[in-house]
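What follows is the residue order along each chain.
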Amino acid sequence: KLIPRRHQEYLYNMRQCAAQSGLGPDSVFLCVLPIAHNFPLACPGIMGTLLSGGHAVLSQTVDAAENRALIRRHGVTFTALVPPLAMSWLDAAGEGPTGLQLLQVGGARMAEQAALRVPEVLGCRLQQVYGMAEGLICFTPLDADHARVSRGECYPMSPGDEIRIVDPAGRPVDPGTPGLLQVRGPYTMRGYF
């Protein structure tokens, strides 16, 4: 399937993700994950960083030690990882703080016990990010206490996001009842090719 993105919708996506991540001209993003994926490309990733006036550093490896060196050398302020990679970085840490300010973890919720270790081991804040290339991206707030972030309490990034859970017939279900997710918003795609 192809996920068509309209320019203004995608720009809105990048700008909102950058705002939710607190990016500005001093932001330096370390891109460790494959660039072709939406998370490291535009959530906020490379594009959100550039739109905020910051710059990006591309890594050729997922190795924690080599990336720690890149973080120090280039003054990297944030990076984005998937939970298994974040776990490997936690297990390999040991040389003291790198200057990293924010670790974003997406693709799946990071296990709470591992998430609790991030500030102590990596010396930075954690922000959990859930979303899909089709739209609806949720972030843990930057001002949330670390316990809430570790539990993965995420919220839609846009005030224009609408979410509901329905049964197979399309009727809304009661809170806590499993169902089908329906979303729409200013950056949600309109259909597949």
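Residues numbered from 1 in each chain as written. Predicted model: local features only at pLDDT ≥ 70, side-chain atom pairs only at ≥ 80, totals over all residues. Heavy atoms only, no water.

Novice: Please provide a residue-by-residue account of the packing of aromatic side chains, values included.
Specialist: Evaluated as defined, the whole model comprises two aromatic pairs. Relative to Y187, the ring of Y12 has its centre 6.1 Å away and its plane inclined at 20°; by these criteria the two rings are stacked. With Y12 in helix α1 (residues 7–20) and Y187 in the segment after β9 (180–184), this pair connects stretches of sequence that are 175 residues apart. Classification of Y187 as buried rests on a relative accessible area of 0%. Between the aromatic rings of F29 and F78, the centroid separation amounts to 4.9 Å while the plane-to-plane angle is 35°, which identifies the pairing as tilted. Note that F29 is positioned in strand β1 (residues 28–31) and F78 in strand β3 (residues 78–81), a separation of 49 residues in sequence. The buried category is assigned to F29, whose relative accessible area is 1%. (Phe/Tyr/Trp six-rings, centres within 6.5 Å; stacked < 30°, edge-to-face > 60°. Helix = DSSP H or I, 4+ residues; strand = E, 2+ residues; numbered from the N terminus. Buried < 20%, exposed > 50% of the residue type's maximum accessible area, 1.4 Å probe, protein only.)

Novice: How would you summarise the pairing of strand β4 (residues 102–106) if you had to cite specific residues and measurements?
Specialist: The buried fraction of β4 is high, at five of five residues. A two-sided burial pattern is seen for β4, the buried positions comprising L102, Q104 and G106 on one face and L103 and V105 on the other. Summarising the sheet, β3 and β4 pair through four bridges and their orientation is parallel. Residue pairing across strands places A80 opposite Q104, the latter belonging to β4. Looking at chain direction, β4 and strand β5 (residues 125–132) are connected through five bridges and run parallel. Along β5, the bridge assignment pairs L103 with L126. Crossover connection from β4 via helix α6 (residues 112–122) to parallel β5: handedness right-handed. (Pairing = 2+ DSSP bridges. Right-handed = clockwise from strand over helix to strand, strands pointing away.)

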